[in-house]
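Overview (structure and organization)
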2 protein chains.
Amino acid sequence: MTTSKSEVAYALVSERIVNGAYSPGYRLVLGTIADELGCSVVPVREAIRRLEAEGLVHFTRNVGATVAQVDSTLYLHTMQTLAVIEPAATALAASAMDEAWLAKAQDLNDQMRQCLEAFDPVAFTELNNEFHQQLYSQCPNPHILDLVQRGWRRLAAMRASSFTHIPHRARQSVEEHQHLLELIRVHASPREIEEAARAHRTNTLNAYLAQANMDPSVI
Amino acid sequence: MTTSKSEVAYALVSERIVNGAYSPGYRLVLGTIADELGCSVVPVREAIRRLEAEGLVHFTRNVGATVAQVDSTLYLHTMQTLAVIEPAATALAASAMDEAWLAKAQDLNDQMRQCLEAFDPVAFTELNNEFHQQLYSQCPNPHILDLVQRGWRRLAAMRASSFTHIPHRARQSVEEHQHLLELIRVHASPREIEEAARAHRTNTLNAYLAQANMDPSVI
DNA sequence: GCACACTAGATCGTATACGATTTGATGTAC
DNA sequence: GTACATCAAATCGTATACGATCTAGTGTGC
């Protein structure tokens, strides 16, 4: 056995939460998952407590675990956290962004632009995830990288439950990506890159707030 | 029983790592800790895996856990992470900083100043921790708050192993705290507060780099 | 003397079992 | 009909046990 059962359990439950198979509020019963995996409850329990630490599940002693409920406040808090960390990760990664990197990022954004013409929001969302992953992928600080990845996983879990959709924001998003790529191409300072990345995330957050008719002060 | 045994185990091991009783590299043997706590290995194992997720312990399958080794790179990565998150947390907390809050923060910084006169580095460090905790304590975003607290716990664990000491930086630190408090007192914008807090953290980081004769580019 | 195979002890990983706790339903008093 | 006590089913928390795996030490061939 090369991977432990608790790892398998973690991967399974994690994947199902992130892709939406387990919706927010879904009750995670240890015995049920253990039966499905053909193992005992101990490794399942361990996996679930790890997911709790990540914020993907809510856990109550002697009661059990459920997939974390998503409300607008939680969504905004997650967006806000990413708005802090992703720009920093991007700026730190800047020095590692070479021509090959730029070409791939540019290609992803070009594909996103095509999705706009083709009215394909599903592919657009997928490409957007990839683009952002590309942005921070070269971050040399593993702690910061880990935080960004966890944040995006949470965001993915929330979006899988079709909680958000801001269609009219898509086109502006592509342009902001492009602006960011130009800054990287001309070797702008890390600070400039960070600011541009933060502006991008803040704009997305504000677009959501506006759509939901929420006051920016709620966060 | 009001708290579970895994919570007790987590609290015990965590405390010992943070206060330095368990030094980096210390071998955490499940059975030994279980015996000491008078419980079985299962809850201890759970506690240790949680500490692993926090980055305080290093864990290898089928081999066991050790307290995370601290090297300068790890230390710098942790400092860098805090340099991103703590200023954001402070800026977000700004609106909740009232007169009572200011009075307490000012008092802490005044005590730090007195420690300088009295040449009491131990008390100074303790007060510094309290001051920073006060800075981000009112942060309304629980995710960001959690990240800052974890970062400081890691830093505390590293410092407990007397890895760092930058005496000549102390006085400047107090002045930077004071500057930050003035900005808060006059209700400066969140952005200004964030920038000042970040400058403070960046200066601390650079002071360490200079003392260690390291090039800032190492990070 | 060095490299490699082997063995024994230590330690981990997880199955099983059972007591503890919670929850929701049922029954009873008012 | 409402409030509260009671009880049973579901589920969790952890002790115990044992097989699996790693590590270090020993021995053997060269």
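Cut-offs used in this document
- Residues numbered from 1 in each chain as written.
- Chains lettered and ligands numbered in written order.
- Predicted model: local features only at pLDDT ≥ 70, side-chain atom pairs only at ≥ 80, totals over all residues.
- Heavy atoms only, no water.
- Near = heavy atom within 4 Å.
- Polar contact = N/O pair within 3.5 Å; in protein donor to acceptor, adjacent residues only side chain to side chain.
- Helix = DSSP H or I, 4+ residues; strand = E, 2+ residues; numbered from the N terminus.
- Nonpolar A, V, L, I, M, F, W, Y, C, P; charged D, E, K, R; others polar.
- Pairing = 2+ DSSP bridges.
- Domains from an automatic or database assignment.
- Contact = heavy atoms within 4.5 Å.
- Buried area = accessible area lost by both parts, 1.4 Å probe.
- Buried < 20%, exposed > 50% of the residue type's maximum accessible area, 1.4 Å probe, protein only.
- Salt bridge = Lys/Arg side-chain N within 4 Å of Asp/Glu carboxyl O.
- Axes fitted to C-alpha atoms, helices over the stretch in contact; angles between N-to-C directions.
- Parallel < 35°, antiparallel > 145°, perpendicular 65-115°, else oblique.
- Left-handed = near helix turned anticlockwise from the far one by under 90°.
- Core = buried A, V, L, I, M, F, W, Y, C linked by side-chain atoms within 4.5 Å.

1. Some remarks on the protein's contact with DNA strand C
- As a structural note, the neighbourhood of DNA strand C is formed by 20 residues, with Lys-5, Cys-39 and Ser-40 of chain A together with Arg-45 and Asn-62 of chain B the closest of them.
- Each atom of DNA strand C within 4 Å of the protein was classed as base or backbone; sugar and phosphate made up 88%.
- The separation between a sugar or linking oxygen of DNA strand C and a polar side-chain atom of Asn-62 of chain A is 3.4 Å.
- Within the backbone of Leu-30 of chain B, an N or O atom sits 3.4 Å from a phosphate oxygen of DNA strand C.
- Of all the elements in the fold, those that place two or more residues in the surface near DNA strand C are α1 (5–18) and α3 (41–54) of chain A together with β1 (27–28) of chain B.
- In terms of residue class, the surface near DNA strand C is made up of 10 nonpolar, six polar and four charged.

2. Here we look at the sheet that holds strand β3 (residues 64–67) of chain B
Residue and element names in this part refer to chain B.
- Strand order in the open sheet formed by three strands is β1-β3-β2, with antiparallel pairing between adjacent strands. Each edge of the open sheet is held by one strand with a lone partner, namely β1 and β2 (57–60).
- One ladder, built from two bridges, connects β1 with β3; its direction is antiparallel. When the sheet's bridge partners are listed, Arg-27 is paired in β3 with Thr-66.

3. Details of the sheet that holds strand β2 (residues 57–60) of chain A
- Taken together, three strands build an open sheet; the order of strands is β1-β3-β2 (chain A) and the sheet is antiparallel. Because the sheet does not close on itself, it has two edges, and the strands there are β1 (27–28) and β2 of chain A.

4. Here we look at the domain arrangement of chain A
Residues and elements named next belong to chain A.
- What the domain assignment reports for chain A is domain 1 (5–67) and domain 2 (72–218).
- Each of domain 1 and domain 2 has a C-alpha centre, and these two points are 28 Å apart.
- Every contact between the two is made by 12 residues of domain 1 and, on the other side, seven residues of domain 2.
- Counting each side, the surface lost to burial between domain 1 and domain 2 is near 710 Å², with a carbon and sulfur contribution of 56%.

5. Structural notes on the side chain of His-77 of chain A
- Mapping His-77 of chain A onto the fold places it in helix α4 (residues 72–93).
- Taking the relative accessible area as the measure of exposure, His-77 of chain A reaches 10% and is therefore buried.
- Excluding its chain neighbours within four sequence positions, the residues that come into contact with His-77 of chain A are Pro-140, Asn-141, Pro-142 and His-143 of chain B.

6. Some points on the protein's contact with DNA strand D
- Residues in contact with DNA strand D amount to 20 residues; listed here are only the nearest, Arg-45 and Asn-62 of chain A together with Lys-5, Ser-40 and Val-63 of chain B.
- Backbone atoms, meaning sugar and phosphate, form 88% of the atoms of DNA strand D found within 4 Å of the protein.
- Between DNA strand D and the protein, one listed contact pairs a phosphate oxygen with a backbone N or O atom of Lys-5 of chain B at 2.6 Å.
- Within the side chain of Asn-62 of chain B, an N or O atom sits 3.2 Å from a sugar or linking oxygen of DNA strand D.
- The set of elements that each furnish at least two residues to the surface near DNA strand D consists of β1 of chain A together with α1 (5–18) and α3 (41–54) of chain B.
- Of the residues in the surface near DNA strand D, the class split is 10 nonpolar, six polar and four charged.

7. With respect to the interface of chain A and chain B
- Taken together, the contact between chain A and chain B spans 33 residues of the former and 33 residues of the latter.
- The interface formed by chain A and chain B includes 10 salt bridges.
- Glu-46 of chain A serves as the salt-bridge partner of Arg-49 of chain B, at 2.9 Å between the closest nitrogen and oxygen.
- At the junction of chain A with chain B, the criterion picks out 16 residue pairs in polar contact (both at pLDDT 80 or more).
- Mapped onto the side of chain A that touches chain B, the elements with two or more residues apiece are α1, α3, α4, α7 (142–160) and α9 (190–211) of chain A.

8. Brief notes about the packing of helix α4 (residues 72–93) of chain B against helix α9 (residues 190–211) of chain B
All names here are of chain B.
- Interaxial distance between α4 and α9 falls to 7 Å at its minimum, and their mutual angle equals 165 degrees. By the angle between their axes, α4 is roughly antiparallel relative to α9. Where α4 crosses over α9, the two elements pack in a sense that is right-handed. When α4 is examined against α9, the residues Ser-72, Tyr-75, Leu-76, Met-79, Gln-80, Leu-82, Ala-83, Glu-86, Pro-87, Ala-88, Thr-90 and Ala-91 are found in contact with a partner set consisting of Pro-190, Ile-193, Glu-194, Ala-197, Arg-198, Arg-201, Thr-204, Leu-205, Tyr-208 and Leu-209.

9. As for the nonpolar core
- The biggest cluster of nonpolar side chains holds 91 residues, and the ones touching the most others in it are Trp-101 and Val-148 of chain A together with Trp-101 and Val-148 of chain B.
- Here this core gets 10 residues from one element, more than from any other, and that element is α4 of chain A.
- When neighbours within four sequence positions are excluded, Val-148 of chain A is seen to be in contact with Leu-82, Ile-85, Glu-86, Ala-89 and Tyr-136 of chain A.

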